[in-house]
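Remarks on the overall topology
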Amino acid sequence: MSKIFCLTGKSGSGKDTVFNELIKRDIPLLKRVVTHTTRPMRAGETEGVEYHFTDEKTLAELEGSGNIIEKREYNTQKGLWIYFTCASEIDMSSGCDYIMIGTPDVAEKLFECFGEDVVVVIYLELDDRERLLRCINRESQQKCPDYSEVCRRYLADEADFKPERLKKYKQMHVVNSQRTIEENADDCAGVILKYR
């Protein structure tokens, strides 16, 4: 049975970095799910790699066709940003497993759509101080840094990743992302192989 591996963690925990390292390893029969967002592209991001960058008109068309699995809206310091996952990105009859980055809200919608036996959550855990330092450093590299958005994301993560919420996941694996990228990716790859 195909699995969907949902890589999750608070802002600054290393999700994108570990995800990209796993993709570079070219694990057989593992396909990436690229989600969509209406937020502006950050420096260093590429269309179709981190996200499909889109607009609200396209989102409305996709919703109208019934192609949206889940959608999240965030009122940021720079306006409304919407993130969403399209059903057309996942074909459970393909014989492949899928990997994607998502929040606990994404994981719960995946459970509803595909079932708890199909979705495996890999949670990257990192202490708050290190996460904040990473987020501040990343934001400082933007053309117009917005540190209030770093604070908003930090507080939102505190609500989204409450321990009692994470305990609900039937298939969840915690990876300590304090180590090197390679070690973190090794642990995640080990989780993927465990389910094959």
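Below you will find a few notes about this structure. (Residues numbered from 1 in each chain as written. Predicted model: local features only at pLDDT ≥ 70, side-chain atom pairs only at ≥ 80, totals over all residues. Heavy atoms only, no water.)

**What about the packing of aromatic side chains?**
Going through the model one piece at a time under the given rule, you end up with 6 aromatic pairs. Here F5 and Y195 contribute two aromatic rings whose centre-to-centre distance is 6.1 Å and whose plane-to-plane angle is 65 degrees, an arrangement assigned as edge-to-face. In this pair, F5 sits in strand 1 (residues 4-9) while Y195 sits in the segment after helix 7 (181-194), placing the two residues 190 residues apart along the sequence. Under the relative-accessibility criterion, Y195 is labelled partly exposed at 21%. Taken together, the ring pairs in this structure connect Y51, F53, Y74 and Y83 into an aromatic cluster. (Phe/Tyr/Trp six-rings, centres within 6.5 Å; stacked < 30°, edge-to-face > 60°. Helix = DSSP H or I, 4+ residues; strand = E, 2+ residues; numbered from the N terminus. Buried < 20%, exposed > 50% of the residue type's maximum accessible area, 1.4 Å probe, protein only.)

**A closer look at unusual backbone geometry**
Look at D26: it is not a glycine, yet its phi comes out positive at around 50 degrees. With respect to the element layout, D26 can be found in the loop between helix 1 (15-24) and strand 2 (30-32). One non-glycine residue, L29, lies in the positive phi region at around 55 degrees.

**Digging into the pairing of strand 1**
Within strand 1, 6 of the 6 residues are buried, leaving the element largely enclosed by the surrounding structure. Residue alternation in strand 1 divides its side chains into two sets, I4, C6 and T8 and F5, L7 and G9, and both sets are buried. Strand direction decides the pairing type here: strand 1 and strand 7 (residues 97-101), joined by 4 bridges, are parallel. Its bridge partner being in strand 7, C6 is matched across the sheet by M100. Alignment of strand 1 against strand 8 (residues 119-125), held across 6 bridges, turns out to be parallel. (Pairing = 2+ DSSP bridges.)

**Considerations on the sheet that holds strand 7**
In space, the 5 strands of this open sheet follow the order 2-7-1-8-9, with parallel pairing throughout. Every interior strand has two partners, whereas the edge strands, strand 2 and strand 9 (172-176), have only one. Going across the sheet, the axis of each strand differs from the next one's by a mean of 25 degrees, ignoring polarity. Against the sheet, helix 1 makes contact with strand 1, strand 2, strand 7 and strand 8, and its axis sits at roughly 155 degrees relative to strand 7, the strand it touches most. Sheet strands in contact with helix 3 (residues 104-114) are strand 1, strand 7 and strand 8, and its direction is about 160 degrees off that of strand 1. (Axes fitted to C-alpha atoms, helices over the stretch in contact; angles between N-to-C directions. Contact = heavy atoms within 4.5 Å.)

**Focus on the packing of helix 4 (residues 128-140) against helix 5 (residues 147-160)**
Viewed as axis vectors pointing N to C, helix 4 and helix 5 meet at an angle of 145 degrees, and their least axial separation amounts to 10 Å. Of the two possible hands of crossing, helix 4 and helix 5 adopt the one that is right-handed. Residues D128, R131, L132, C135, I136, R138, E139 and S140 of helix 4 pack against Y147, V150, R153, Y154, D157 and E158 of helix 5. Its residues assigned to classes, the contact of helix 4 with helix 5 comprises 6 nonpolar, 1 polar and 7 charged. (Left-handed = near helix turned anticlockwise from the far one by under 90°. Nonpolar A, V, L, I, M, F, W, Y, C, P; charged D, E, K, R; others polar.)

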